[in-house]
Amino acid sequence: QTLSLTGAQTTQLLVEPPWRPAVLWDRVTLTCQGSGTSGATTWYKDGQRWGKNRHDHFTVTESGTYTCQRPGRMLSRALRVLKDQLVLQVPARTLLEGDTVTLRCRAMQDMSVSRVRFYHNKKDLGGPLMETELSLSPLHLHHSGCYHCEGSLRFWPSLSSPVTVTVHELFTVPVLEGPSELTEGSPLNLSCLSTPSPLRPRTRLLHLFYRDGQLPPGGQVALGDRLVLSCAVAMETGPLSFSWHREGSGAVLGTGPRLELHHVGDNDSGHYQCRASDGDSVTESVPLNVTVLVPVANATITPGPLSHQVHTGDNVTLHCSVQVGSAPVTFTWLHNGQEVAWGPVLELGDVDVGHSGTYQCVATNQLGQDRHRVLRALSPELVLEVTLQGHGDTVAAGVGGSLLFLVLLVALIVAWHCWHHLATRKHQERTLPEPSPPPEEGEVLYTHVMSTKQARRPPHVTVPQEPQVTYAELPGPHGRLKMPSDIYEIVP
């Protein structure tokens, strides 16, 4: 991408990637060009001659300001290569009226930057704080000036160096030329002269003529509208007949003082003229230029390689286009119904969960000489879902760790209960008398626990100072048996 205007005697300095100022961590390549020249290239760094190099390009390894010169040519424009913490970059190309340009605020090594704000001539441009890019579309001369950005890097505020943006005229100021003297009844020929920019020599210009501040006959009509043209004669000498014609078409479009087209189409643009005849003479009207403008329709968003679900840190680029629509067409981007950017391209760098939501673009063109009709086309919604990078793995690992901890805790509790139960059994074996052997045969019908004390208080369980043994009498086929009931004393 060239950094200088086309000129026969100017050396051109090209940079790749095509952004200025360049940043050292992008692996920047500089190329020096001069039409029709040969010989070694002279390079300059920070205003000092850096030596001659037979090659006209090299990869930059040091920050600084670079220029170059080819034999017999003027010195190129300077290019800065920075290694600052925060840098504001603009496209390394010449900007003209009507263009779309995107400014981007970047941190060193493409670190994450938040709370970004853009400034034009030290004036805050406002807008959302989550965006790292600013789109200007269409460009006007008043967009020229000094820009910078500020943002937070790891919660520390940082400020970029200023960058100058220059918007050039798309065409020169028109000049009206005509005859110095006029004779009544003679035709008047006027010329509106303007030269397109040499950078866009094939730009088509629309010329409009004004008389006393008002547009002469001519007009614009929207596609599908009704067009009515009237023809009148100042002096009538007899019955009149009329015919209507369009430049480039030999067919007669109609007869009568009015020509009506109920639904104009794409092919109805052109210069219209009426002819009136009284039988002896014929007169023609001044051609009337009619322009049929096509309203914008079928706005669509093209996500390209984007899927509707992306991860944090990804770069997302959305394109808005219309199937039909007369230029100029402007584009506005909506995020959750709020305006966030302008221009046909929306670039979201280093996305986070705050970028999730619905996106739409609004395409607009204006009809009528006074731009009183504004037509819009709203694209379908595109739903963007931003998920945390590796979030699912982290949750799974956390759940697995929690389950392992619970398993170990349960195993520890079970082991403690087993040890406690075993210790209790051993204590009973040492302190209780050995019970009588059960009968070889018989059946326990019921168990009756005999109380050892009577007290006038609510029932409760107490642990005596020394173990006491109570016995249950059990009926059986060989008589009544006594068995230890427990080591606890049960008091009613």
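Below you will find a few notes about this structure. A quick note: this is a predicted structure, and the numbers were derived from the prediction, not measured.

Take the overall build of the chain next. Within the chain, the secondary structure is distributed over one helix and 42 strands. Scored against the burial criterion, the 492 residues of the chain give a buried share of 32%. A separation threshold of at least 6 residues defines the contact pool for the chain, and within that pool the share at least 24 residues apart is 59%. For the chain, the exposed area adds up to about 31400 Å²; of that, 54% sits on carbon and sulfur atoms.

Structurally, the position occupied by D350 is in the loop between β35 (345-348) and β36 (357-367). C-alpha separation for the pair D350 and T132, spaced 218 residues apart in sequence, amounts to 8.6 Å. Look past the residues within four positions of D350 in its chain and what remains in contact with it is S112, G313, D314, N315 and H355.

What follows deals with the sheet that holds strand β7 (residues 57-59). To summarise the sheet geometry, strands pair through backbone hydrogen bonds and adopt either a parallel or an antiparallel arrangement. An order of β1-β4-β7 is seen for the three strands of this open sheet, with the pairing classed as antiparallel. Each edge of the open sheet carries a strand with a single partner, namely β1 (12-16) and β7. Going across the sheet, the axis of each strand differs from the next one's by a mean of 20 degrees, ignoring polarity. Of the pairings in the sheet, the one linking strand β4 (residues 29-33) to β7 comprises three bridges and is antiparallel in character. Bridge pairing links T31 to H57 in β7.

Ranked by size, the top nonpolar core spans 21 residues in total, and within it L318, W333, L346, L348 and L384 carry the most contacts. Every element with two or more residues in this core is listed here: β30 (297-302), β32 (316-324), β33 (330-335), β34 (338-342), β35, β36 and β38 (382-387). If you look at the next biggest cluster of nonpolar residues, it comprises 20 residues, including C105, A107, V113 and Y147.

To continue, consider the packing of aromatic side chains. Working definition: an aromatic ring pair is given by the centre-to-centre distance plus the angle between the planes. The final tally for this structure, using the stated rule, is four aromatic pairs. For the pair W50 and F58, a centre-to-centre distance of 5.4 Å together with 50 degrees between the ring planes defines the contact as tilted. Its relative accessible area of 14% is what places F58 among the buried residues. With a centroid separation of 6.0 Å and 55 degrees between ring planes, the pair formed by F58 and Y66 is classed as tilted. The exposure classification of F58 matches that of Y66, with both residues buried. Here the aromatic cluster, defined as three or more aromatic residues joined through ring pairs, consists of W43, W50, F58 and Y66. Taking NZ or CZ as reference, R104 lies 3.8 Å from the ring centre of W19, over its face.

Rules used in this analysis
Along each chain, numbering runs from 1 in the same order as the chain's sequence is written. Where totals are concerned, whole chains, interfaces and linings use all residues; where local detail is concerned, this predicted model gives features only for residues with pLDDT of at least 70, and gives and counts side-chain atom pairs only at 80 or more. To get the side-chain values, all heavy atoms of the structure are used, and hydrogens and water are removed first. The numbering of helices and of strands both runs from the N terminus, where a helix is a DSSP run of H or I of at least 4 residues and a strand a run of E of at least 2. Throughout, exposure labels follow a simple rule: accessible area from a 1.4 Å probe, protein chains only, divided by the maximum for the residue type, with under 20% read as buried, over 50% as exposed, and the rest as partly exposed. We call two residues in contact whenever any of their non-hydrogen atoms come within 4.5 Å of each other. Where accessible areas are quoted, they stem from the Shrake-Rupley method and a 1.4 Å probe; at the residue level, only the protein chains shown are allowed to cover. Two strands qualify as a pair provided that DSSP identifies no fewer than 2 bridges between them. Axis definition: a line fitted to C-alpha atoms, limited for helices to the stretch in contact. Angles are taken between N-to-C directions and run from 0 to 180 degrees. Among buried residues, the Ala, Val, Leu, Ile, Met, Phe, Trp, Tyr and Cys ones that are joined through side-chain atoms within 4.5 Å form a nonpolar core. Pairing of aromatic side chains requires ring centres within 6.5 Å, counting the rings of Phe and Tyr and the six-membered ring of Trp. Pairs whose planes differ by under 30 degrees are stacked, by over 60 edge-to-face, and all others tilted. Remark: a charge is flagged as sitting over a ring if the NZ atom of Lys or the CZ atom of Arg is within 6 Å of the ring centre and within 35 degrees of the ring normal.

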